[in-house]
Amino acid sequence: MELRLYDTLTKEKRPFVPLDAKNVRMYVCGPTVYDFAHIGNARPVIVFDVLFRLLRHLYGEAHVKYVRNITDVDDKINDRAARDFPGLPLNEAIRKVTEQTGKQFHADVDALGALRPSVEPRATEHIAEMREIIERLIAGGFAYAAEDHVLFSPQAMNAANSSLPRYGALSNRSLDEMIAGARVDVAPYKKGNTDFVLWKPSKPGEPSWPSPAGIKAEGRPGWHIECSAMAWKHLGEHFDIHGGGIDLVFPHHENEVAQTCCAFHQQRMANYWMHNGFLQVESEKMSKSLGNFITIHELLKDWPGEALRLNMLKTHYRSPIDWTMKSLEESARTLDDWYRVAADVVPGGPAASVVEPLLDDLNTPQAIAALHGLRSNDIAGLAGSLRLLGFLSESAAQWEGRKQQASGVDAKEVERLIAERTAARARKDFKESDRIRDLLAAMGVAIKDSKEGTTWEISR
Ligand code: AMP
Ligand code: ZN
């Protein structure tokens, strides 16, 4: 069976044919590093990690290049830096914020079982490429400088009767309607009300770089141009897959396509545009004001990262997810069982029953159903399939040990109580042995007696 992927641009599932099977290329928009990542941000990380793993499985590890950027220049970063480090010069404070947040992001996504991408470019290290693209856009008549800004004109793009894509095609919007519906208080330096910023002047103290287009004042890039520059540098003018959350389709991805295709005279930027659906929490939109804003960092204090991962993959990536504690508990229990039976066995190859649904536009819910099927008749296949999906990074003992640690249960104390109970049973003091069993249960410890002796585990 071949891999088929849904493309947001053409609105259909198509067989995936890479431009070069020896160099399969994927770009995913990464985080803006100013605060802890929330559980919604974990969704593209996990979804595209599964795709990365599947592509490596199909084309070979050496033949897949996955780029996920880090946006380290942004107003939100500047605000945070000024607030958290009021005594420091802004640029130093910004470095502190982006370094800390970047480290935290890595710790979070490592715990989720996500492989590091092949390259994680930082926006501030690609200013030269951004300037180059901007100069090309001006030379081609798609962009202009005004009052120390450089603006891109979607109207100029759609007026060019060349082989360029149409502005609005990706997000399925008409430029005429956008023009008619645009806000009235458009910045005075914009020629058209849908023109968007490629470059803007920096305020005093803000990060700044020499500007393109002969602008004397130093400035900084707009958000959209960053991704066009980093994708170009690391993947070329035209590549296979571009991904991100559904909220990025407009304006971010629409503008990336416009910039890249106009600068390099391409019909397409990426051959497949993939977007994950949104995540909400207990049936509500996640927001700070509703108090249901959950960071990955907080969840990891109570749950293993792989439980978050499994819980995310229970829903197809294009559907919305309702994130609930009930479902998370179930996912953790499922993994307890899979760890117990499969973590320490020699894995077989991934089972066809798991790989086939993945090939069908990453149908992870069906792949997980297949895992449950393997549980009863093919443990080696279960182990191999779980590994393909990024699970079983620990041994069964490590998994159980962390569970004990997280629960605050003292393993030595449990062993001591079990020994006491065994002694009570030997002298037929069943009142005492029941008392100890209840005590253990109250501590969250479940015990099981068998011919070999008594085993125990943390009950979830
Ligand atoms: P941001 O830092 O807001 O640009 O988001 C980083 C990534 O997380 C982008 O791909 C977003 O589309 C994605 N994202 C943000 N919020 C959610 C959410 N609630 N559900 C799913 N994906 C999200
Ligand atoms: Zn982007």
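Above this text sits the structure in question.
Residues numbered from 1 in each chain as written. Chains lettered and ligands numbered in written order. Predicted model: local features only at pLDDT ≥ 70, side-chain atom pairs only at ≥ 80, totals over all residues. Heavy atoms only, no water.

1. A few points about the coordination of the zinc ion (ligand 2)
By definition of the ideal shapes, four donors in a tetrahedron about a metal sit 109.5 degrees apart, and six donors in an octahedron sit 90 or 180 degrees apart. The condition is simple: Water is not among the atoms examined, so metal sites may look incomplete; donors are the N, O and S atoms within 2.8 Å of the metal, or within 3.2 Å for Na, K and Ca. Angle rules define the geometry names used: all angles between 85 and 135 degrees makes four donors tetrahedral, while opposite donors over 155 degrees apart and all other angles between 65 and 115 make four donors square planar and six octahedral, leaving every other case irregular.
Taken together, the protein donors to the zinc ion (ligand 2) comprise Cys29 (SG), Cys227 (SG), His252 (NE2) and Glu256 (OE), at separations of 2.0 to 2.6 Å. Here the zinc ion (ligand 2) is ringed by four donor atoms whose angles at the metal span 74 to 130°, and the overall shape comes out irregular.

2. Quick word on the sheet that holds strand β10 (residues 270–276)
Keep this limit in mind: For two strands to pair, DSSP has to find at least two bridges joining them. Note on conventions: DSSP H or I runs of at least 4 residues are helices, E runs of at least 2 residues are strands, and numbering of each starts at the N terminus. In this analysis an axis means a line fitted to C-alpha atoms, helices contributing only their contacting stretch, and an angle means the value between N-to-C directions, from 0 to 180 degrees. Contacts are residue-level and defined by heavy atoms, with any inter-residue pair within 4.5 Å sufficient.
Ordered in space as β4-β3-β9-β10, the four strands form an open sheet in which the pairing is parallel. With one partner strand each, in any of the chains shown, β4 (64–68) and β10 form the two edges of the open sheet. Looking at each pair of strands side by side, their axes are set apart by 20° on average, direction ignored. In the packing of helix α8 (residues 249–264) onto the sheet, contacts are made with β9 (239–245) and β10, and the angle to β9 comes to roughly 160°.

3. A few points about the packing of helix α7 (residues 223–235) against α8
Two measures define how a pair of helices packs: the angle their axes make with one another and the distance between the axes. Threshold: For classification, angles of less than 35 degrees are called roughly parallel, those exceeding 145 degrees roughly antiparallel, those between 65 and 115 degrees roughly perpendicular, and all remaining angles oblique. Crossings are assigned a handedness: left-handed for a near helix turned anticlockwise from the far helix by less than a right angle, right-handed for a clockwise turn. Each residue gets one of three labels, nonpolar for Ala, Val, Leu, Ile, Met, Phe, Trp, Tyr, Cys and Pro, charged for Asp, Glu, Lys and Arg, and polar for the others, Gly among them.
Packing of α7 against α8 leaves a shortest axis separation of 8 Å and a crossing angle of 55°. With respect to α8, the axis of α7 lies oblique. With respect to the hand of their crossing, α7 and α8 are arranged in right-handed fashion. Mapping the contact onto sequence places Trp223, His224, Ile225, Cys227, Ser228 and Trp232 in α7 and Pro251, His252, Asn255, Glu256, Gln259, Thr260 and Phe264 in α8. The class makeup of the residues in the contact of α7 with α8 is six nonpolar, six polar and one charged.

4. Looking at the pattern of salt bridges
Short version of the rule: Salt bridges, as used here, are contacts in which a Lys or Arg side-chain nitrogen is within 4 Å of a carboxyl oxygen on Asp or Glu. A 1.4 Å probe rolled over the protein chains alone gives each residue an accessible area, and that area as a share of the maximum for its type sets the label: buried under 20%, exposed over 50%, partly exposed in between.
Counted under the stated rule, the structure contains 36 salt bridges. Here Arg309 and Asp49 are joined by a salt bridge, their closest N and O atoms 2.7 Å apart. Here the residue Arg309 occupies a position in helix α10 (residues 305–313), and Asp49 occupies one in helix α1 (residues 42–59), the gap between them amounting to 260 residues. By relative accessible area, Arg309 is classed as buried at 0%. Salt-bridge contacts for Arg416 lead to Glu413; the nearest nitrogen and oxygen are separated by 3.0 Å. Of this pair, Arg416 and Glu413 both sit in helix α16 (residues 411–426), three residues apart, roughly one helical turn.

5. Comments concerning the site of ligand 1
Heads up, the rule is: When at least one non-hydrogen atom of a residue lies within 4 Å of a molecule or strand, that residue is treated as near it. Think of a polar contact as two N or O atoms within 3.5 Å of one another; within protein, one of them needs to be a possible hydrogen donor and the other a possible acceptor, and neighboring residues in sequence only count if both atoms come from side chains. With residues, only the protein chains shown are counted as cover, and all accessible areas are computed by Shrake-Rupley using a 1.4 Å probe.
In the vicinity of ligand 1 there are 13 residues, among which Gly40, Asn41, Gly245, Asp247 and Leu279 approach most closely. Here an oxygen atom of ligand 1 sits 3.1 Å away from a polar atom, N or O, in the main chain of Gly245. Computed on the free molecule, ligand 1 has an accessible area of 480 Å², of which 84% lies beneath the protein chains in the complex. The class makeup of the residues in the shell around ligand 1 is four nonpolar, eight polar and one charged.

6. A word on the pairing of β10
Counted only if it meets this: Viewed with both strands pointing away, a crossover whose connecting path from the first strand over the helix to the second turns clockwise is right-handed.
Across the seven residues of β10, seven count as buried, placing the element largely inside the fold. As paired strands, β9 and β10 are joined by six bridges and run parallel to one another. Within β10, the position partnered with Gly244 by the bridge is His275. Remark: the β9/α8/β10 crossover connection has right-handed handedness.

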